[in-house]
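Results of the structural survey
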Amino acid sequence: MSQVKNIVVIPGDGIGTEIISATRRVVDEAFSQVSVGANWIEKRAGGAAIDVDGVPLPQDTIDAAKKADAVLLGAVGGPKWDKVDPAIRPEKAILGLRKELGLFCNLRPIKIFPSMRAYSPLKAELVDKVDFVIVRELTGGIYFGQRQEASGSGEQEAAWDKEEYARYEVERIMQIAVETAKKRRGQVTSVDKANVLASSRLWRKIAEETAQKNADVNFDYLYVDNAAQQMVVKPGQFDVLVTTNLFGDILSDEGAVISGSIGLLPSASIGQGTALYEPIHGSAPDIMGQGIANPLGTILSAAMMCRYSLDLPQVADKIEAAVERTLEEGYRTGDIYTEGMKRVGTDQMADVVISYL
Ligand code: IPM
Ligand code: MN
């Protein structure tokens, strides 16, 4: 082996275990073709960690992640832990990793594979042109603001969450939006709710300042309600869409479904520390353990990992091309299966991808 990459791998909960083991096989094979070794360091997080360690994000997982070249995560959460104390919910694992690693930016590419056009709920002529990236702020806003769980009683029982953004948080995410746009079609759409929210008015002010300083990038500004609508009316107009943590969470699920299946979409969380890669979909407890989950979102996340963290762009290209070919040849897991296609399970899907590497 000419080099070895240290990858912390967190299967998590639900289908996480299955999609991660399928993805590891794909990565191992792709690496071996270029004489690179994968040193997989398996760690617990989410419900799996609550059960064993009593907390969703053990310190040992955080320490290992900080030292690694990249973190690959399956999914966390499930009905088993729905009633646990909000302070130790499985989701805290992802939020904690983002915060601990300083991953203030989430990149979610929304792109449609030609062979998947028919699976989009949108009309084919709209879907054809879909190719954009959601740049979601990931360690600020209402997700990390102060909150008060329900207190008081009767009609006065109340709870609140605070949306707050500081200048530096908006400036750094705008910078990533600009850099991303420069490598693409040079268009940034900043999404906020500046007609109502003070935090959004600061967001917009800084977006406008960023536009002033980057004359080679074209900025426009949408309120989030309008952006949600434009995404289904004319999704081809977007190139880079930059938005807050909460709005980005919502819009990226909408974007994912436009592309045919949420099971196909990867994501990268980047920032100060080790970057984290995970599929956009959740732990799908309803189908866990059956070997039918779609591993492609995770496999494509691993491709992003190769490109952004491991300095192996040629491996990323290879994995992405193999996934595209797998879909073109008609291999489908249950979530994307239609009449006449070749139905396969999680492991078989990975085998097909491997065969096309
Ligand atoms: C996502 C997920 C997470 C989020 C949850 C699991 C905390 O929905 O990555 O989009 O809301 O950020
Ligand atoms: Mn989400």
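Residues numbered from 1 in each chain as written. Chains lettered and ligands numbered in written order. Predicted model: local features only at pLDDT ≥ 70, side-chain atom pairs only at ≥ 80, totals over all residues. Heavy atoms only, no water.

Things to note about the domain arrangement of the chain
Taken as a whole, the chain is organised into domain 1 (1–104 + 264–357) and domain 2 (121–258). Averaged C-alpha coordinates put domain 1 and domain 2 at centres separated by 25 Å. With 11 residues of domain 1 at the interface, the matching set in domain 2 holds 12 residues. Both sides together, the interface formed by domain 1 and domain 2 hides about 1,100 Å², and carbon and sulfur atoms give 70% of it. By the criterion of area lost to domain 2, the three top residues of domain 1 are Arg98, Lys99 and Phe104, representing 52% of everything that side buries. (Domains from an automatic or database assignment. Contact = heavy atoms within 4.5 Å. Buried area = accessible area lost by both parts, 1.4 Å probe.)

With respect to the pattern of salt bridges
Summed over the entire model, instances satisfying the criterion amount to 25 salt bridges. The closest approach of N and O atoms between Glu100 and Lys66, which form a salt bridge, is 3.3 Å. Taken together, the positions of Glu100 in helix H4 (residues 91–100) and Lys66 in helix H3 (residues 59–67) put the pair 34 residues apart, joining distant regions of the chain. Among the ionic pairs, Arg167 bridges to Glu209, the shortest N-O distance being 2.8 Å. Within this pair, whereas Arg167 is found in helix H6 (residues 167–182), its partner Glu209 is found in helix H7 (residues 198–213), the two being separated by 42 residues in sequence. Given a relative accessible area of 33%, Arg167 falls into the partly exposed group. The class for Glu209 is partly exposed, based on a relative accessible area of 25%. What you see here is one network of salt bridges that share partners, running through Asp131, Arg184, Arg185 and Asp239. (Salt bridge = Lys/Arg side-chain N within 4 Å of Asp/Glu carboxyl O. Helix = DSSP H or I, 4+ residues; strand = E, 2+ residues; numbered from the N terminus. Buried < 20%, exposed > 50% of the residue type's maximum accessible area, 1.4 Å probe, protein only.)

Examining the packing of helix H1 (residues 16–33) against helix H12 (residues 346–355)
Put simply, H1 and H12 touch, their axes get as near as 9 Å, and they point 15° apart. Judged on the interaxial angle alone, H12 and H1 are roughly parallel. In this structure, the crossing between H1 and H12 has a hand that is right-handed. The segment H1 lies against H12, with Glu18, Ile19, Ala22, Arg25, Val26 and Glu29 engaging Thr346, Asp347, Ala350, Asp351, Val353 and Ile354. By residue class, the composition of the contact of H1 with H12 is 6 nonpolar, 1 polar and 5 charged. (Axes fitted to C-alpha atoms, helices over the stretch in contact; angles between N-to-C directions. Parallel < 35°, antiparallel > 145°, perpendicular 65-115°, else oblique. Left-handed = near helix turned anticlockwise from the far one by under 90°. Nonpolar A, V, L, I, M, F, W, Y, C, P; charged D, E, K, R; others polar.)

Brief notes about the sheet that holds strand S9 (residues 218–223)
Spatially, S2-S1-S3-S12-S11-S4-S5-S10-S8-S9 is the arrangement adopted by the 10 strands of the open sheet, whose pairing is mixed. Strands at the two margins of the open sheet, each flanked by one partner only, are strand S2 (36–42) and S9. With strand direction ignored, the average angle separating the axes of adjacent strands in the sheet is 25°. The sheet contacts of H4 involve strand S1 (3–12), strand S3 (70–75), strand S4 (105–111), strand S5 (131–137) and strand S12 (276–279), and relative to S12 the element is tilted by about 150°. (Pairing = 2+ DSSP bridges.)

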